Amino acid sequence: MTPPSPQQPAEPLALVVGEALIDVVHRADGSVDEHPGGSPANVALTLGRLDRRAQLLAWIGTDSYGDRIRSWLSGSHVELAPGSDGAASTSIATAHLGADGGATYDFDLTWALPADVVIPDETVVVHTGSIAAVLEPGAAGVRRVLAAARPRATVTYDPNIRPTLMGQPGDVRPVVESLVAGADVVKVSDEDLHWLYPGADLDVVATRWQRSGPAVVVVTYGGDGAVAVTADHRLEVAAPRVEVADTVGAGDSFMGALLHGLWSAGLLGAAHRAQLAAIDEATLTAVLEQCVKVAAITVSRAGANPPRLRELTPTV
């Protein structure tokens, strides 16, 4: 009798927690497009396109918009976590694009989490951010997921502020700072920091955030690149020059690429927390250079359309 073959270990997983919705985009020329989006969903999509196993824990409906989101995720090999389709209807974000491609948003959105969230054993990183980390009742559930995952997984966070939903800076700031302190990696845009801390020196804020807990804090400056702060380094990377179609999803694709790069460097998972804290300048520079490349490709296209891994590999 042939003995049973040993079970193969499950492939490592990124669990992304947060909103998936439909973006209704009003362009400066008067045209209107509809496509799936949501900051955490875009991060999961980027990971899937970079050949990482990603699962999205979201809150969508079983309506036609929900079907569209499921198909969109599946097309980039992103799993939808069990229970993510319990919403009465799928949320909508209306984006208005200016002549420079920049976006402002209005929302018709509800956010909650399934009653029984299961964090797969093979999870090496849990990411959250934007609306999901702040808007109740789901935000309390997000905090519970992060706390439960931390003993096994790296925790990452992107505030991705949405002023129309989040209230005043003074109300949001303590929530954001608490999430920053509990994260291992934080990515934040200069626009978010200017909103949270009007008139502040962003380098000072990034350093203070890093000292509160994260191993790495990255501040993105759009077409001017990014700055990273660790306990030992402050480094800058420039962004490639491209013709901008719009900026939708650019920061999310940067975040997904950041997770991908740290994953490639063997720095994700709670067992590697000390190594992540000691990341060297050369490794971090290489990771960030890929991040700005991914974001540049995204802004060169309409909508949140991050590149696939093969698009980052030079042909010979």
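Here the structure is a predicted model, which means the values were calculated and not measured. (Residues numbered from 1 in each chain as written. Predicted model: local features only at pLDDT ≥ 70, side-chain atom pairs only at ≥ 80, totals over all residues. Heavy atoms only, no water.)

Engineer: How should the sheet that holds strand β5 (residues 78–80) be read in this particular structure?
Structural biologist: Within a sheet, each strand pairs with its neighbour through backbone hydrogen bonds, oriented either parallel or antiparallel. Strand order in the open sheet formed by nine strands is β5-β4-β1-β8-β9-β10-β11-β12-β13, and the pairing between neighbours is mixed. Each of the sheet's edge strands pairs with one partner strand only, and the pair in question is β5 and β13 (234–237). Here the strands of the sheet are splayed against their neighbours by 20 degrees on average, with no regard to which way each runs. Taken together, the five bridges between strand β1 (residues 13–17) and strand β8 (residues 123–129) define a ladder with parallel strand orientation. Looking at the pairing, V16 lines up with H127 of β8. (Pairing = 2+ DSSP bridges. Helix = DSSP H or I, 4+ residues; strand = E, 2+ residues; numbered from the N terminus. Axes fitted to C-alpha atoms, helices over the stretch in contact; angles between N-to-C directions.)

Engineer: Mind showing me how you'd approach helix α5 (residues 169–181) here?
Structural biologist: Turn by turn, an α-helix covers 3.6 residues, leaving residues three or four places apart pointing in a common direction. For α5, which comprises 13 residues, the first-to-last C-alpha distance of 18 Å matches the rise-based estimate of 18 Å (1.5 Å per residue) to within 8%. For α5, the complete set of buried residues consists of P169, V172, V176, L179 and V180. Burial along α5 is one-sided: seen end-on, the buried residues are contained in an arc of 100 degrees. Buried residues along α5 sit in contact with α3 (138–149), β9 (154–158), α4 (163–166), β10 (185–189), α6 (190–196) and α7 (202–211). (Expected span 1.5 Å × (residues − 1). Buried < 20%, exposed > 50% of the residue type's maximum accessible area, 1.4 Å probe, protein only. Arc of directions from axis to C-beta. Contact = heavy atoms within 4.5 Å.)

Engineer: Would you mind going over the pairing of strand β2 (residues 21–26) with me for this structure?
Structural biologist: When you tally the buried positions in β2, you get five out of six residues, the bulk of the element. As judged from the six bridges shared by β2 and strand β3 (residues 32–37), these two strands associate in the antiparallel manner. Looking across to β3, one finds that V24 is bridged to E34. Where β2 folds back onto β3 in an antiparallel hairpin, the turn is made up of five residues, including G30, whose phi is positive at roughly 95 degrees. Both β2 and strand β6 (residues 92–97) contribute to a ladder of five bridges, which runs parallel. Bridged to V24 within β6 is T94.

Engineer: Sorry if this is basic, but what is going on with the packing of helix α8 (residues 250–264) against helix α10 (residues 281–299) here?
Structural biologist: Any two packed helices are characterised by how steeply their axes cross, that is the angle between the axes, and by the distance between the axes. One way to put it is that α8 packs onto α10 with a least axis distance of 8 Å and a crossing angle of 150 degrees. Considered as vectors, α8 and α10 are oriented roughly antiparallel to each other. The crossing of α8 and α10 is right-handed. Here A250, S253, F254, A257, L258, H260, G261 and L262 of α8 come into contact with α10, specifically with V287, L288, Q290, C291, V292, V294, A295, T298 and V299. For the contact of α8 with α10, a count of residues per class yields twelve nonpolar, five polar and no charged. (Parallel < 35°, antiparallel > 145°, perpendicular 65-115°, else oblique. Left-handed = near helix turned anticlockwise from the far one by under 90°. Nonpolar A, V, L, I, M, F, W, Y, C, P; charged D, E, K, R; others polar.)

Engineer: Is there a simple way to explain the side chain of S253 in this structure?
Structural biologist: Residue placement: S253 occurs in helix α8. Among residues more than four places away in sequence, those in contact with S253 are T46, V294, A295, T298 and P306.

Engineer: So what exactly am I meant to see when it comes to the sheet that holds strand β7 (residues 103–108) here?
Structural biologist: Ordered by their spatial adjacency, four strands build an open sheet running β3-β2-β6-β7, and the pairing between neighbours is mixed. Sheet topology places β3 and β7 at the edges, where each strand pairs with a single neighbour. Put simply, the sheet's adjacent strands are angled 25 degrees from each other on average, direction ignored. The sheet contacts of helix α2 (residues 64–74) involve β2, β3 and β6, and relative to β3 the element is tilted by about 65 degrees.

Engineer: What exactly am I supposed to notice about the packing of helix α1 (residues 39–49) against α8 here?
Structural biologist: α8 packs onto α1 with a crossing angle of 45 degrees between their chain directions and a minimal axis gap of 8 Å. On the basis of the axis angle, α1 is oblique to α8. For the pair α1 and α8, the sense of crossing is right-handed. Between α1 and α8, the residues in contact are S39, N42, V43, T46 and L47 and D252, S253, M255, G256, A257, L259 and H260, respectively.

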